Amino acid sequence: MNDTHKHPKGAGKSSFELINTKTLADILPVKPGFVVLDLACGRGLYSMFLSGIIGDQGLVYAVDFWQEGIGLLDQEIEARDITNIKTLLLDGTQEMDIDDDSVDVCLMATVLHDFEEINKADAVLKQIHRILKPGGCLAVVEFKKIEGPPGPPMKIRLSEGEVEKMVTGHGFEREKTADMGQYNYLVTFRSRGN
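Parameters and conventions
- Residues numbered from 1 in each chain as written.
- Predicted model: local features only at pLDDT ≥ 70, side-chain atom pairs only at ≥ 80, totals over all residues.
- Heavy atoms only, no water.
- Core = buried A, V, L, I, M, F, W, Y, C linked by side-chain atoms within 4.5 Å.
- Buried < 20%, exposed > 50% of the residue type's maximum accessible area, 1.4 Å probe, protein only.
- Helix = DSSP H or I, 4+ residues; strand = E, 2+ residues; numbered from the N terminus.
- Contact = heavy atoms within 4.5 Å.
- Disulfide = S-S within 2.5 Å.
- Salt bridge = Lys/Arg side-chain N within 4 Å of Asp/Glu carboxyl O.
- Pairing = 2+ DSSP bridges.
- Axes fitted to C-alpha atoms, helices over the stretch in contact; angles between N-to-C directions.
- Polar contact = N/O pair within 3.5 Å; in protein donor to acceptor, adjacent residues only side chain to side chain.

## Some words on the nonpolar core
In step 1: Ranked by internal contacts, the top residues of the largest apolar core, which has 30 residues, are Leu37, Leu39, Met108, Leu112, Ile128 and Leu138.
In step 2: Counting only elements with at least two residues in this core, the list comes to β1 (35–39), β2 (59–64), β4 (103–109), α4 (112–117), α5 (121–131), β5 (132–143), α6 (160–168) and β7 (184–191).
In step 3: If we skip the residues at most four places from it in the chain, methionine 108 touches Leu39, Phe115, Val124, Leu125, Ile128, Leu138, Ala139, Val140 and Val141.
In step 4: One finds Leu28, Val36, Val60 and Ala109 within the second-largest nonpolar core, a separate group that totals 28 residues.

Here it is, written out as structure tokens:
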């Protein structure tokens, strides 16, 4: 089986049902016409949400290497006749075929801990910094460092401080932190440019 089509650890689960979507919409600096990257999008619940905000002039890159998830999102896009989501079957730890300085906002929803667990967070953050416009936003949703379920085991959860330390080492500065409900938090960062 091709490595790009394997089943990621958290595949099929989404934190989207657990978060306060109003808070997400209020905090994320996403506007009509923006280009957004939903990295490790799974079956695309966040991508669909972002699609509604950016409108017809915007674009959501929905990137994942879970073929089944991308397939489910493709079916949803077709059924709803959505034209502003582009699905990409890619491994976010590898070079992504997205132009430098072309993305306004990158969302990583409850996936940074997975990249960190396989020692690939640095590679992913370097990629994100490359494709974000100078001053662009990286938004990281993670599970609070409390016992679950839901969410990953406590030993791989990331505190807000751990997320900040990881991300700011890659050309970003922390902007805001928000409580996203009982289980999750959001931290936004600004790219300092290349």
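## Concerning the state of the cysteines
In step 1: What the rule picks out here adds up to zero disulfides.
In step 2: As a non-bridged cysteine, cysteine 41 has cysteine 106 as the owner of its nearest cysteine sulfur, 11 Å distant.

## A closer look at the pattern of salt bridges
In step 1: Counted according to the given criterion, the structure contains 10 salt bridges.
In step 2: Within this structure, Glu95, Asp100 and Arg130 form a network of salt bridges that share partners.

## Brief notes about the sheet that holds β5
In step 1: Taken together, the seven strands give an open sheet; going across it, the order is β3-β2-β1-β4-β5-β7-β6, and neighbouring strands pair in mixed fashion. If you trace the sheet from one side to the other, it starts and ends with β3 (85–89) and β6 (172–179), each paired once. In this sheet, neighbouring strand axes are inclined to one another by 20° on average, regardless of whether the strands run parallel or antiparallel.
In step 2: Bridging between β6 and β7 involves seven bridges; their strand directions are antiparallel. Paired with aspartate 179 across the strands is tyrosine 185, a residue of β7.

## Regarding the side chain of threonine 110
In step 1: Here threonine 110 is to be found in the loop between β4 and α4.
In step 2: Exposure remark for threonine 110: the relative accessible area of 11% places this residue in the buried category.
In step 3: Of note is the side chain of threonine 110, whose polar atom sits 3.2 Å from the side chain of serine 15.
In step 4: Sequence-distant contacts of threonine 110, that is, excluding residues within four places in its chain, are made with Ser15, Val141, Glu142, Phe143 and Asn184.

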